[in-house]
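Listed below are the residues making up each chain.
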2 protein chains.
Amino acid sequence: MEKLSRNSRVVAITKILMGSPNKIIRLNKFSDLLNAAKSTISEDIVIIREVLQKLEMGKVETISGAAGGIKFIPGIGDDKGKEFALKLCDLLKDDGRVIAGNFIYMTDVMYNPEIIGEAGVILSSCFKDKKADYVITVETKGIPLAYEVARNLGVQLVIARRNTQVTEGPTMTINYVSGTSGRLQQMSLSKKSMKSSSRCVFIDDFMKGGGTAQGIKDLLKEFDSELVGIGVLVDNKEAEKTFIDEYVSIVEFKSVEKLAITDIKPSNMFT
Amino acid sequence: MEKLSRNSRVVAITKILMGSPNKIIRLNKFSDLLNAAKSTISEDIVIIREVLQKLEMGKVETISGAAGGIKFIPGIGDDKGKEFALKLCDLLKDDGRVIAGNFIYMTDVMYNPEIIGEAGVILSSCFKDKKADYVITVETKGIPLAYEVARNLGVQLVIARRNTQVTEGPTMTINYVSGTSGRLQQMSLSKKSMKSSSRCVFIDDFMKGGGTAQGIKDLLKEFDSELVGIGVLVDNKEAEKTFIDEYVSIVEFKSVEKLAITDIKPSNMFT
């Protein structure tokens with residue numbers, strides 16, 4: 001291929017980095033694709049790193065050594081994060097979201113790629129130093145968010161099912177008490193889905209008492225694996241978290257009363 | 001903010017475009033953020049468009065008029081698409097994937113962001129001119145892929161559930177015959193989840209007889225909406241598609257015999 005200008009090269013490198021967050025990409029890949037010396041590519045990367053940092057659009061890290069290269073770590077600035085959380089509060093405050101049983105209708109939010117894309121970057125930033133091997137969730141509403149966090153962390157997604165499935169092979173099943181419904185529930189995970197001794201981040205749409213997170217913890221024990229982080233989009237502060245200590249959320253509210261959500265605000269992550 | 005060099009501006013614009021595929025972004029947004037004249041930004045965009053086209057990394061389209069701007073349309077070249085499909089065949093051919101009942105274990109593939117990210121670009125390319133309002137799937141295994149297609153098309157994702165849920169408000173339920181299990185099954189969709197008179201693309205992990213696609217068609221009728229496209233990752237050619245005519249897949253195979261998948265190959269999309 002003909003030689004490209006620096007302008008063109010930085011576009012191509014940026015595009016490739018964005019497409020594989022948290023994956024180490026060797027400089028050879030860029031120099032082969034763009035027909036340029038590795039020293040030239042290194043200079044291109046300096047430009048990309050500087051502008052992304054200046055505009056708070058994430059970081060480019062250099063990994064040295066034989067398996068070295070560069071990787072892109074997604075991130076948004078604190079101000080933009082808070083702005084996003086405030087917009088999310090406005091959206092959830094909307095009339096008509098509280099449905100029978102004092103549940104909040106959030107399906108449209110959880111399945112909106114623009115919202116979930118940004119939430120995924122924010123949550124993944126919280127866990128970027130946890131050396132996670134997997135992101136885990138329980139079907140169904142939290143799947144797109146968990147997928148985004150997994151994508152941004154550069155790891156595999158794992159989904160616990162509510163029922164065992166013929167297409168999943170041998171499965172491990174545990175019982176847990178869901179804080180949302182207060183009922184005893186089951187979750188199952190295929191034996192094939194996870195290596196033992198893994199580190200996992202649990203992502204969900206909503207947290208109330210933390211029963212589901214405790215269930216995930218129990219399930220992971222059966223895989224000799226460890227829960228190293230918990231992140232949710234929305235935290236209901238009404239219920240005491242009897243099961244878990246540490247977790248992060250993007251927005252929180254006090255309670256649902258008379259068909260309205262009270263005191264909804266960005267979580268303490270943004271203060 | 002201080003003025004940036006062209007090198008820096010094209011990095012920032014590329015980053016923003018990649019983050020919002022198929023969404024029209026006004027030039028004002030870039031000129032405000034980067035403190036540059038709109039004519040300068042237009043020149044930057046020409047550079048980005050040319051290099052992405054040259055490297056077959058997608059298109060940048062200009063939309064004129066009052067609501068105009070530019071949008072990024074994801075895409076990968078035919079060669080890269082075929083290379084991806086061949087790699088996927090190799091992965092699925094692996095021993096040990098066929099489990100009791102002649103099912104193929106694909107969960108690891110469906111929850112792998114690197115694979116699903118690329119598959120999502122390929123499938124979204126097939127539907128980019130369909131003017132879809134939503135991408136729809138049935139829980140659970142196809143959700144990450146459907147999410148990627150929705151993200152790449154810049155539309156909302158909708159997920160039909162196998163059981164009605166208290167958190168979804170009033171729901172519409174239909175019965176259908178699943179080709180995989182041969183059993184009568186149900187799927188439900190929240191009345192709030194879709195506007196009537198919508199155009200929808202159905203995405204799933206796997207197709208056998210097409211019963212699920214027919215179920216989606218029936219469900220959409222109840223929302224006065226239309227199925228305008230069907231895309232799956234893997235097509236089982238063993239069963240006649242009695243219910244549907246047109247659909248796309250990335251790989252296909254003939255049958256599962258003696259614990260092995262026979263004749264797996266890239267679909268006719270790549271010939």
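Procedures and definitions
Residues numbered from 1 in each chain as written. Chains lettered and ligands numbered in written order. Predicted model: local features only at pLDDT ≥ 70, side-chain atom pairs only at ≥ 80, totals over all residues. Heavy atoms only, no water. UniProt positions renumbered as here; feature names shortened; annotations may be inferred. Helix = DSSP H or I, 4+ residues; strand = E, 2+ residues; numbered from the N terminus. Domains from an automatic or database assignment. Contact = heavy atoms within 4.5 Å. Buried area = accessible area lost by both parts, 1.4 Å probe. Salt bridge = Lys/Arg side-chain N within 4 Å of Asp/Glu carboxyl O. Polar contact = N/O pair within 3.5 Å; in protein donor to acceptor, adjacent residues only side chain to side chain. Nonpolar A, V, L, I, M, F, W, Y, C, P; charged D, E, K, R; others polar. Buried < 20%, exposed > 50% of the residue type's maximum accessible area, 1.4 Å probe, protein only. Pairing = 2+ DSSP bridges. Axes fitted to C-alpha atoms, helices over the stretch in contact; angles between N-to-C directions. Parallel < 35°, antiparallel > 145°, perpendicular 65-115°, else oblique. Left-handed = near helix turned anticlockwise from the far one by under 90°.

Per an unreviewed UniProt entry, the recorded name for chain A is Pur operon repressor, and the organism is Clostridium vincentii. In the Sequence similarities (unreviewed entry) part of its UniProt record, chain A is described as follows: "Belongs to the purine/pyrimidine phosphoribosyltransferase family. PurR subfamily." Turning to chain A, the UniProt record has this under Subunit (unreviewed entry): "Homodimer."

Colleague: Report on the UniProt feature "domain: Bacterial purine repressor N-terminal" (unreviewed entry) in chain A, specifying residues and quantitative values.
Modeller: The positions that UniProt labels "domain: Bacterial purine repressor N-terminal" (unreviewed entry) are, in the present scheme, residues 6–74 of chain A. Summarising residues 6–74 of chain A: 57% helix, 14% strand, and an end-to-end C-alpha distance of 23 Å.

Colleague: How would you summarise the domain arrangement of chain A if you had to cite specific residues and measurements?
Modeller: All names here are of chain A. As assigned here, chain A comprises domain 1 (6–73) and domain 2 (78–270). Between the C-alpha centres of domain 1 and domain 2 the distance comes to 32 Å. Taken together, the seven residues of domain 1 in the interface contact six residues of domain 2. Between domain 1 and domain 2, a total of about 530 Å² is buried, with carbon and sulfur atoms accounting for 40% of that surface. The three residues of domain 1 that bury the most area against domain 2 are Pro-21, Asn-22 and Glu-56, which together make up 60% of that side's buried surface. Inspection of the region where domain 1 meets domain 2 yields zero salt bridges. Counting every contact that joins domain 1 to domain 2 gives three residue pairs in polar contact (both at pLDDT 80 or more). Residue composition of the side of domain 1 that touches domain 2, grouped by class: four nonpolar, one polar and two charged.

Colleague: I'd like to hear about the interface of chain B and chain A, residue by residue, with values.
Modeller: Contact with chain B, which involves 59 residues of that partner, is made by 59 residues of chain A. Summed over both sides, the interface between chain B and chain A buries roughly 5100 Å², with carbon and sulfur atoms accounting for 66% of that surface. The largest share of the area that chain B buries against chain A comes from Lys-15, Tyr-111 and Tyr-147 of chain B, three residues that together contribute 13% of it. Residue Glu-148 of chain A pairs with Arg-151 of chain B through a salt bridge whose shortest N-O separation is 4.0 Å. On inspection of chain B and its partner chain A, the count reaches 14 residue pairs in polar contact (both at pLDDT 80 or more).

Colleague: Kindly report on the pairing of strand 6 (residues 156–160) of chain A, identifying the contributing residues and their values.
Modeller: Residue and element names in this part refer to chain A. Taking burial as the measure, the five residues of strand 6 include five buried ones, the bulk of the element. The alternating pattern of strand 6 places Gln-156, Val-158 and Ala-160 and Leu-157 and Ile-159 on opposite faces, both of which are buried. Strand direction decides the pairing type here: strand 5 (residues 134–138) and strand 6, joined by five bridges, are parallel. Across the sheet, residue Tyr-134 finds its bridge partner in strand 6, namely Gln-156.

Colleague: Just give me the short version of the packing of helix 6 (residues 113–126) of chain B against helix 7 (residues 143–153) of chain B, but keep the residues and values in it.
Modeller: Residues and elements named next belong to chain B. Taken N-terminus to C-terminus, the directions of helix 6 and helix 7 make an angle of 55°; their axes are 8 Å apart at the nearest point. The angle between the axes of helix 6 and helix 7 places the two elements in the oblique class. Along this stretch, helix 6 crosses helix 7, giving a crossing that reads as right-handed. Two secondary-structure elements touch here, helix 6 through Ile-116, Gly-117, Ala-119, Gly-120, Val-121, Leu-123 and Ser-124 and helix 7 through Pro-144, Leu-145, Glu-148, Val-149, Asn-152 and Leu-153.

Colleague: Quick rundown of the environment of Phe-223 of chain A? Include the residues and the values.
Modeller: Residues and elements named next belong to chain A. Here Phe-223 lies in the loop between helix 8 (211–222) and strand 10 (226–236). Spatially, the C-alpha atom of Phe-223 lies 7.5 Å from that of Lys-195, the residues being 28 residues apart in sequence. When residues no more than four places from it in sequence are discounted, the contact partners of Phe-223 are Met-172, Leu-189, Ser-190, Lys-191, Met-194, Lys-195, Ser-196 and Ser-197.

Colleague: Go over unusual backbone geometry with me, naming the residues and quoting the values.
Modeller: What is expected of a backbone is that most residues other than glycine have negative phi and most peptide bonds are trans. All names here are of chain A. Of the consecutive residues Glu-139 and Thr-140, the connecting peptide bond is found in the cis state with omega at 10°. In this fold, Thr-140 is placed in the loop between strand 5 and helix 7 (143–153). If you check the backbone angles, Asn-102 has positive phi at about 60° while not being a glycine. Locating Asn-102 in the fold gives a position in the loop between strand 3 (98–99) and strand 4 (103–104). Given a relative accessible area of 40%, Asn-102 falls into the partly exposed group.

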